[in-house]
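A structural walkthrough
Listed here are the chains, written in short residue letters.
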Amino acid sequence: MARWTACAASTGCGSLRRWATGLSPRPTLLSPRTTTPCAWFALAALSLASKTLIDPSNPSLGTLTLRVGMHSGGAVTSMLGAGERSRTSGTKKRFCLMGDAISVAGKLEAQCAEGWVQVSPRVAAVLGGQP
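Residues numbered from 1 in each chain as written. Predicted model: local features only at pLDDT ≥ 70, side-chain atom pairs only at ≥ 80, totals over all residues. Heavy atoms only, no water.

Some details on the overall build of the protein
Along its length, the protein carries three helices and five strands. The order of helices and strands in the protein, counted from the N terminus, is β-β-α-β-β-α-β-α. Buried positions account for 34% of the 131 residues belonging to the protein. Across the protein, contacts joining residues at least 24 apart in sequence account for 59% of those joining residues at least 6 apart. (Helix = DSSP H or I, 4+ residues; strand = E, 2+ residues; numbered from the N terminus. Buried < 20%, exposed > 50% of the residue type's maximum accessible area, 1.4 Å probe, protein only. Contact = heavy atoms within 4.5 Å.)

Considering the pattern of salt bridges
Per the stated rule, a full pass over the model turns up one salt bridge. Arginine 67 is the salt-bridge partner of glutamate 109, the closest N and O atoms lying 2.5 Å from each other. Of the two residues, glutamate 109 sits in helix H2 (residues 100-111) while arginine 67 sits in strand E3 (residues 67-80), which places them 42 residues apart along the sequence. (Salt bridge = Lys/Arg side-chain N within 4 Å of Asp/Glu carboxyl O.)

With respect to the pairing of E3
Counting buried residues in E3 gives ten out of 14 residues, a clear majority hidden from the surface. Pairing between E3 and strand E5 (residues 117-119): three bridges, direction parallel. Bridging across to E5, glycine 69 finds its partner in glutamine 118. As defined by bridge partners, E3 adjoins strand E4 (residues 94-98) across five bridges and the pair is classed as antiparallel. Following the sheet pairing, leucine 80 is matched in E4 by arginine 94. (Pairing = 2+ DSSP bridges.)

Quick look at the environment of valine 117
Topologically, valine 117 is positioned in strand E5. Considered as a pair, valine 117 and alanine 42 are 75 residues apart in the sequence and their alpha carbons are 7.2 Å apart. Those residues in contact with valine 117, other than ones at most four positions away along the chain, are Ala42, Leu43, Leu46, Val68, Met70 and Cys112.

Shown next, in the form of structure tokens:
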């Protein structure tokens, strides 16, 4: 397991997806340099989702909607699973991000309105009016 400092985001669109930027192997002070890329990526994801049809053959279903939660803090990474996909168990190793930044981002996303980015006070202070 590796320990990191990260700016993490969680998006909801049927299935949950998470990403992290500014991974640093040592504790770092939050800065726009590590937090801003995550915010820009979140805004780009929202923009693209709003232009992507759920079913191109049936435009009346509308477009994808996302919710995004962002937080910055500690995280750990690890490969989890039993190894290569087996015929019996169907499992394979997966790269996983875990920790404070990931958990809080997920909770913020769960409470967020569709089409919005909800950030923690820590991230809001760092962004200070950016994106």
